[in-house]
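# Observations on the model geometry
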Amino acid sequence: MTDKINRLVGALPERYQPIYGFDNFTSDAERESSDRLEIVMNIANLMVNHLQRPIRVLDLGCAQGYFSLNLANVSESVTGIDYLDKNVELCSGLAEYHHFEHVKFYENDIATFVSTLKPDDYDLVLGLNVFHHVSYALGYAETKKIIKKIAQNSKVLLTELALKDEPLYWAEALPDNVYSNLDTVAFQYTLQKFATHLSSIERPFIFSSDYMWCDGQNIGEFTSWKNEPHEYSNGYHLNSRRYFFSESKVIKCYYFNSAQKENNIREFQREYDYFNSGYKFPTFMPQILSCTKNEWQGLVVLEKIDGKLLSSKINEGDDFSCYDVIHKLLINVVKLEENKLYHNDLRIWNVLITNNGELSFIDIGSISSSSKTSSWPFSVFADFIILTRDIAKAKSEDVTAVRYPFLLNSWYEDEKIKKWIGLIWGTSHKDWSFKLFLELWRESEVHEKVEIHNDNFKYWMELVESFLVFNPREEKFTNSLLHESFVEYHNNLSAQVQNALSLVGSVDEKNKTFYLNYNESLKYLSTTVEQLALHNDNNTALIELGKKENTDKLEILERKFLELSERVNTIEIKRQSIFKKIMNKLFPKQ
């Protein structure tokens, strides 16, 4: 039998792989395979442990059967396919030599064989360094269809994919982005990258599946998935994240090879750090079960909390109490604040209403020790005020991913919420905290209405102006921001606001000077009258003259005060006019 194997090996036109069970041929193999085999066997063993049974394997383009035969001991069945008859003859001879009756090899091309696949025929399919040949022969579009059919009819597909950058004849048939071969398959995870005997360019070795997830250490099944986190994201993450759901877990996959790379790395790193620190979040947040990463992507496995996103309830018109939601939100953010933590992206799509009516927060990557948000309005407190407006309105057509400056109490129709927001704005923004927000909420019915705090007028204007600068993605602002006329208008308006504020400050100083002079004059008058009364009891005429002179001075000062008051009123009218122009520009009447 050994002679037969030697003869079959000698008849091969090329020897890509080591010959299973014959170490004397290993050094002649063109392609290093032991490194790939380590990954293949790891995935196979993870699947066996998860499924609690031997697996069924299909090896497409099996070559000399190195992977097929190594998988025999963990498999119920192994099927190898290759277009070269001499490869098939050797593989069949090796299976016979090792008494692997459940390992079979057939001469066929990949496209033809895949066309015969039926659901659940195989658990694990290998497609290692073969699909570039299919693309060259049949075209990229047809290759994607073949890959999709494999994914639909098996649990896991392992691929090693060639790149368009490789200096070989078939490169012209490949897509610019190697991962687009798999973009119709739900889950993808790059396990490693390998150079080949053909070039130093590394090819990705990828786990992909429509049914299972894996990070190289853990494996599991999912029942549904989506590439948008919520109804209002509108492609915000540029397809750089995917979300998978099982009965007890949520699996979030970040990709680090897109335009969102930096943002994804930053947010994932927070979750990764929390997991490795052993930090336990309050019970209203899901616990991180595992967190793994490599240079290409990160995978976070979270406890699944049964319930419905607040955004979904709003979008679908479900009934809920906005008072109850706001109150429970406040309780949760206060608990975070007590631990010196804040949710930097607390939106209706990051709030889950559980099946028992409690509120949970998701998106652990947005939890940090900073009270500043990464986007407008750059404050978790102002952000929360806007969030309450989304909850109070509860109309899906009024909700977008862009934060509008619905900050002051005049934008809230509900009287209780309006009064509460008014109390918040009646306190300097420098003193804001969620503890204060909760206290004001609980006591709002017994509090009197208050005016906006002096510190908050300038803060409000800064928020409005910064909104115009940092939110050009919103369509109704994009068109105007791109025109010089609006830019000039905005600059002029900003200058007018600054001038008005300066003038108010100047008037305030003059008022202070006036009152000081007025008080000094009164003091001087009283002293003069007392002295005259004391030393000139008989000089009534002189006393009356002194009174008249000082009375004239008081009348002059009073006229000046009235003039200054009129100027203050004029400035206030101008300030309101400027403010109205800003709001008309922000929210034009339809």
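The structure we're discussing is the one just above.
Below is a summary of the structure that appears in this document.

The rules behind each value
Residues numbered from 1 in each chain as written. Predicted model: local features only at pLDDT ≥ 70, side-chain atom pairs only at ≥ 80, totals over all residues. Heavy atoms only, no water. Pairing = 2+ DSSP bridges. Helix = DSSP H or I, 4+ residues; strand = E, 2+ residues; numbered from the N terminus. Axes fitted to C-alpha atoms, helices over the stretch in contact; angles between N-to-C directions. Contact = heavy atoms within 4.5 Å. Expected span 1.5 Å × (residues − 1). Buried < 20%, exposed > 50% of the residue type's maximum accessible area, 1.4 Å probe, protein only. Polar contact = N/O pair within 3.5 Å; in protein donor to acceptor, adjacent residues only side chain to side chain. Core = buried A, V, L, I, M, F, W, Y, C linked by side-chain atoms within 4.5 Å. Phe/Tyr/Trp six-rings, centres within 6.5 Å; stacked < 30°, edge-to-face > 60°. Lys NZ or Arg CZ within 6 Å of the ring centre and 35° of its normal. Parallel < 35°, antiparallel > 145°, perpendicular 65-115°, else oblique. Left-handed = near helix turned anticlockwise from the far one by under 90°. Nonpolar A, V, L, I, M, F, W, Y, C, P; charged D, E, K, R; others polar.

What follows is about the sheet that holds strand β3 (residues 103-107). Across the sheet, which stays open at both edges, the seven strands sit in the order β3-β2-β1-β4-β5-β7-β6 with mixed pairing between neighbours. Edge strands, defined here as strands with exactly one partner in the open sheet, are β3 and β6 (187-194). Strand-to-strand twist across the sheet, computed as the mean angle between neighbouring axes with direction ignored, equals 15°. Summarising the sheet, β6 and strand β7 (residues 203-209) pair through seven bridges and their orientation is antiparallel. By the bridge assignment for β7, K193 is matched with P204. Of the strands in this sheet, β1 (55-60), β4 (122-128) and β5 (154-160) are in contact with helix α7 (residues 140-152), which crosses β5 at around 140°.

With 14 residues, helix α11 (residues 380-393) should reach 20 Å at 1.5 Å per residue; the first-to-last C-alpha distance of 20 Å fits that figure. Counting buried positions along α11 yields twelve of 14 residues, so the element is predominantly enclosed. Among the residues making up α11, those that are buried are V380, F381, A382, D383, F384, I385, I386, L387, T388, R389, D390 and I391. The opening residue of α11, the one whose side-chain oxygen lies 3.2 Å from the backbone nitrogen of F381, is S379. Immediately beyond the C-terminal end of α11, within one or two residues, lies A394, with a positive phi of roughly 50°.

Grouped together as the largest cluster of nonpolar side chains are 65 residues, with contacts concentrated most on F384, W420 and F437. Residues contacting F437, with those up to four places away along its chain left out, are L330, F381, F384, I385, W420, I424 and W432.

Now for the environment of I362. Mapping I362 onto the fold places it in the loop between β18 (359-361) and β19 (367-368). Under the relative-accessibility criterion, I362 is labelled partly exposed at 26%. Excluding residues that lie within four positions of it along the chain, I362 makes contacts with L309, H343, W349 and N350.

Okay, the sheet that holds strand β14 (residues 297-303) next. Taken in spatial order, the five strands line up as β10-β11-β12-β14-β13 in an open sheet, and their pairing is antiparallel. Either end of the sheet is taken by a strand with one partner, and the two such strands are β10 (224-226) and β13 (288-293). Direction aside, neighbouring strands of the sheet carry axes that sit 15° apart on average. Two strands pair when backbone bridges link them, and strand β11 (residues 241-245) and strand β12 (residues 249-255) are joined in this way by five bridges, in the antiparallel orientation. Among the inter-strand pairings, Y243 is bridged to a residue of β12, identified as K252. Of the strands in this sheet, β11, β12, β13 and β14 are in contact with helix α8 (residues 261-277), which crosses β13 at around 130°.

Tallied over the full model, the rule gives 34 aromatic pairs. Centroid distance F187 to Y189: 6.5 Å. Interplanar angle 5°. Geometry classified as stacked. When sorted by exposure, F187 lands in the same class as Y189, which is buried. Residues W225 and F244 carry aromatic rings whose centres are separated by 6.1 Å and whose planes lie at 20° to one another, so their mutual orientation is stacked. In this pair, W225 is assigned in strand β10 and F244 in strand β11, connecting sequence segments 19 residues apart. Within the aromatic cluster, the residues linked to one another by ring pairs are Y323, Y342, F381, F384, W420, W425, W432, F434, F437, W441 and Y459. A cation over a ring is seen here: K293 above Y272, with NZ or CZ 4.4 Å from the ring centre. Directly above the ring of Y323 sits K416, whose terminal nitrogen or CZ lies 5.9 Å from the centroid.

Take the packing of helix α10 (residues 322-338) against α11 next. Where α10 meets α11, the closest approach of the two axes is 10 Å, and the angle between their N-to-C directions is 160°. When the axis of α10 is compared with that of α11, the two are roughly antiparallel. For the element pair α10 and α11, the recorded crossing hand is right-handed. In this structure, α10 contributes C322, V325, I326, L329, L330, V333 and E337 to the contact, and α11 contributes F381, F384, L387, T388, I391 and A392. Broken down by class, the residue content of the contact of α10 with α11 amounts to eleven nonpolar, one polar and one charged.

A separate point is helix α13 (residues 434-443). The complete set of buried residues in α13 reads F434, L436, F437, L438, L440 and W441. Elements in contact with the buried residues of α13: α10, β16 (342-343), α11 and α12 (415-425).

Mapped onto the elements, V103 comes out in strand β3. Take V103: its relative accessible area is 3%, and that puts it in the buried class. Along the chain, V103 and G80 lie 23 residues apart, while their C-alpha atoms are 7.8 Å from each other. Beyond its immediate sequence surroundings of up to four residues, V103 is in contact with L69, A72, V78 and A95.

Assignment of secondary structure puts N264 in helix α8. According to the relative accessible area criterion, N264 is buried, its value standing at 0%. Those residues in contact with N264 that sit more than four places away from it in its chain are S240, R241, Y254, Y255, F256 and S258.

Here we come to the pairing of β4. With seven of its seven residues buried, β4 lies for the most part within the structure. As defined by bridge partners, β1 adjoins β4 across three bridges and the pair is classed as parallel. The partner of L58 across the bridge, within β4, is V125. Of the strand pairs in this sheet, β4 and β5 are connected by six bridges, and their pairing is parallel. The partner of L128 across the bridge, within β5, is E160.

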